[in-house]
Amino acid sequence: MTGPDPGELLGLAVDAAAAAAAMLAAGRPAGPAGRPEVADTKSSPTDVVTEMDRAAEVLIRRRLLAARPQDAILGEEGGEEAGRYGPGRVRWVVDPLDGTVNYLYGLPDWSVSIAAEVDGTVVAGVVTVPSQGEVFLATLGGGAWLDAGGGEPVRLHCNTGVPLEQALVSTGFGYEVPRRVVQGEVVGAVLPRVRDIRRGGSCAVDLCSLAAGRVDAYYERGVNYWDWAAGGLARAEASPSMTIAAEPVLFGRLRDLLASLDAERDAP
């Protein structure tokens, strides 16, 4: 693989994510009654967009293209902006605000996620969680790290050797009603087979929590590439519509359980 150094790309991603996170944190009204206005909806009335989502992506695009104007960018809000093609091509994958509903309601699990691809392979990623003061970093072959602002970054390791029945599993739900009905059935069937279920509301944060050993596994149907491109460097495997992440043995058991429940169907 040719192209720029992953560490260089990671540095650009970290700077852009930090700027967007600061803008988002400053732009949210203070106090329990403060709430940004919903600017639009996407797949359903519950799939919301705020003006801050869009403003954050504009800021990130400007910063990345100022440093590397030849690159391509794929963003959740603005779609794909084509760059040059050929060996060593870099594409940035941007989720300017993962966990918009959490942000809207003042809940802590929202993040800015930026990944850098070289020739189609993700080589660097950052997930910034401003309300927790945490920055998760990863480079291909270089491991995953947590920078909590209190010293040197800490190397992350996911939990291993956890039986399915003792696993703390995180998940999420889609926005369209028929899919939510199925997901409710599936989580109801999974719950008795595991230690417990957590629903945080941000795929990127969930994947980083897995890398940090805060949960043992994660699954969700229907997440988009920009949701997991950066966090996926920590630990993720994806089928066409179901994203599952865990250490290999637990991954296999969770995958088999979900398959037995026909978890990828769209109707009850």
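Heads up: these notes are all about the structure in this document.

Rules used throughout
- All chains use their own residue numbering, which begins from 1 and follows the written sequence.
- Selection of residues for local features in this predicted model requires a pLDDT of at least 70, selection of side-chain atom pairs for listing and counting requires 80 or more, and totals for whole chains, interfaces and linings are taken over all residues.
- Here the side-chain values reflect all heavy atoms present in the structure, with hydrogen atoms and water set aside.
- Where helices and strands are cited, they refer to DSSP runs of H or I of at least four residues and of E of at least two residues respectively, numbered from the N terminus.
- A radius of gyration in this sense is built from C-alpha atoms; the matching globule rule multiplies 2.2 Å by the number of residues raised to 0.38.
- Exposure is judged per residue with a 1.4 Å probe applied to protein chains only, and the accessible area is read against the type maximum: over 50% gives exposed, under 20% gives buried, and values in between give partly exposed.
- Contacts between residues were defined by any pair of non-hydrogen atoms, one from each residue, lying within 4.5 Å.
- Note on areas: Shrake-Rupley with a 1.4 Å probe; residue coverage comes only from the protein chains shown.
- Whether two strands pair depends on DSSP finding at least two bridges between them.
- To get an axis, a line is fitted to the C-alpha atoms, and for a helix only the part in contact is used. The angle between two axes follows their N-to-C directions and goes from 0 to 180 degrees.
- Distance thresholds for patches are 9 Å for like charges and 5 Å for nonpolar side chains (Val, Leu, Ile, Met, Phe, Trp, Tyr), applied to residues having over 30% relative accessible area and no salt bridge.
- When a carboxyl oxygen of Asp or Glu is within 4 Å of a side-chain nitrogen of Lys or Arg, the pair counts as a salt bridge.
- Between the first and last residue of a helix there are one fewer steps than residues, each counted as 1.5 Å, and that sum is the expected span.
- A 3.5 Å cut-off defines polar contacts: any pair of N or O atoms within that distance qualifies, except that in protein one atom must be a possible hydrogen donor and the other a possible acceptor, and neighbouring residues in sequence count only when both atoms are side-chain atoms.
- Pairs of cysteine sulfur atoms within 2.5 Å are what we label disulfides.
- We define a nonpolar core as any set of buried Ala, Val, Leu, Ile, Met, Phe, Trp, Tyr and Cys residues linked to one another through side-chain atoms lying within 4.5 Å.

With respect to the overall build of the protein chain
Here is step 1 of the chain: Summing up its helical and strand segments, the protein chain has eight helices and 15 strands in all.
Here is step 2 of the chain: The C-alpha atoms of the protein chain give 18 Å as radius of gyration, which agrees with the globular expectation for 268 residues (18 Å, within 12%).
Here is step 3 of the chain: Split into buried and exposed, the 268 residues of the protein chain put 48% on the buried side.
Here is step 4 of the chain: Of the contacts formed within the protein chain by residues at least 6 apart in sequence, a portion of 59% connects residues at least 24 apart.
Here is step 5 of the chain: Of the roughly 11,900 Å² of accessible surface on the protein chain, 53% is carried by carbon and sulfur atoms.

As for the sheet that holds strand S8 (residues 134-139)
Here is step 1 of the chain: The eight strands lie next to each other as S4-S3-S5-S6-S7-S8-S9-S10, forming an open sheet whose pairing is mixed. With one partner strand each, in any of the chains shown, strand S4 (79-81) and strand S10 (154-155) form the two edges of the open sheet.
Here is step 2 of the chain: Of the strand pairs in this sheet, strand S6 (residues 111-118) and strand S7 (residues 121-129) are connected by seven bridges, and their pairing is antiparallel. Within S7, the position partnered with Glu117 by the bridge is Val122.
Here is step 3 of the chain: Sitting on the sheet, helix H1 (residues 6-27) touches strand S5 (90-98), S6, S7 and S8, and the angle it makes with S7 is about 30 degrees.

Focus on a nonpolar patch on the surface
Here is step 1 of the chain: Together, Val101, Tyr105, Leu107 and Tyr175 make up a nonpolar patch on the protein surface, roughly 360 Å² of accessible area in all.
Here is step 2 of the chain: Mapped onto the fold, Val101 is located in helix H3 (residues 100-105).
Here is step 3 of the chain: Residue Val101 is classed as partly exposed on the basis of its relative accessible area, which comes to 32%.

Description of unusual backbone geometry
Here is step 1 of the chain: Non-glycine residue Asp119 carries a positive phi angle of around 55 degrees.
Here is step 2 of the chain: By the element assignment, Asp119 lies in the loop between S6 and S7.
Here is step 3 of the chain: Within the chain, Asp262 stands out as a residue other than glycine whose phi angle is a positive 55 degrees.
Here is step 4 of the chain: Relative to the helices and strands, Asp262 resides in the segment after helix H8 (248-260).
Here is step 5 of the chain: With a relative accessible area of 45%, Asp262 lands in the partly exposed category.

Here's the deal with the pattern of salt bridges
Here is step 1 of the chain: This structure, assessed with the given rule, holds 15 salt bridges.
Here is step 2 of the chain: A salt bridge links Arg91 to Glu117, with the nearest nitrogen and oxygen atoms 3.0 Å apart. Of the two residues, Arg91 is situated in strand S5 and Glu117 in strand S6; the sequence distance between them amounts to 26 residues.
Here is step 3 of the chain: A relative accessible area of 16% places Arg91 in the buried class.
Here is step 4 of the chain: Glu165 is the salt-bridge partner of Arg253, the closest N and O atoms lying 3.4 Å from each other. Note that Arg253 is positioned in helix H8 and Glu165 in the loop between S10 and strand S11 (168-171), a separation of 88 residues in sequence.
Here is step 5 of the chain: We classify Arg253 as partly exposed; its relative accessible area is 39%.
Here is step 6 of the chain: Residue classification places Glu165 among the partly exposed residues on the basis of a relative accessible area of 45%.

Examining H1
The periodicity of an α-helix, 3.6 residues per turn, causes residues three or four places apart in sequence to face the same way.
Here is step 1 of the chain: The end-to-end C-alpha distance of H1, which contains 22 residues, comes to 31 Å, matching closely the 32 Å that a straight helix rising 1.5 Å per residue would cover.
Here is step 2 of the chain: Every buried residue of H1 is listed here: Leu9, Leu10, Ala13, Ala16, Ala17, Ala19, Ala20, Ala21 and Leu24.
Here is step 3 of the chain: If you follow the buried residues of H1, they end up packed against helix H2 (51-67), S5, H3, S6, S7 and S8.
Here is step 4 of the chain: Between the side-chain oxygen of the N-cap and the backbone nitrogen of Gly7 there are 3.0 Å, and the N-cap of H1 in question is Asp5.

Some words on the environment of Glu51
Here is step 1 of the chain: Counting through the fold element by element, Glu51 comes out in helix H2.
Here is step 2 of the chain: Along the primary structure Glu51 and Pro36 are separated by 15 residues, whereas in three dimensions their C-alpha atoms are 8.1 Å apart.

Topic: the state of the cysteines
Here is step 1 of the chain: The full count for this structure, using the stated rule, is zero disulfides.
Here is step 2 of the chain: No disulfide involves Cys203; its sulfur sits 9.3 Å from the nearest other cysteine sulfur, which is in Cys208.

Focus: the nonpolar core
Here is step 1 of the chain: One finds Leu24, Ile60, Leu64, Trp92, Val112 and Ile114 to be the most contacted residues of the largest nonpolar core, which totals 27 residues.
Here is step 2 of the chain: Contributing elements (two or more residues each) for this core: H1, H2, S5, S6 and S7.
Here is step 3 of the chain: It is H1 that provides the largest number of residues to this core, a total of eight residues.
Here is step 4 of the chain: Val169, Met242, Leu257 and Ala263 belong to the second-largest nonpolar core, a separate cluster that totals 21 residues.

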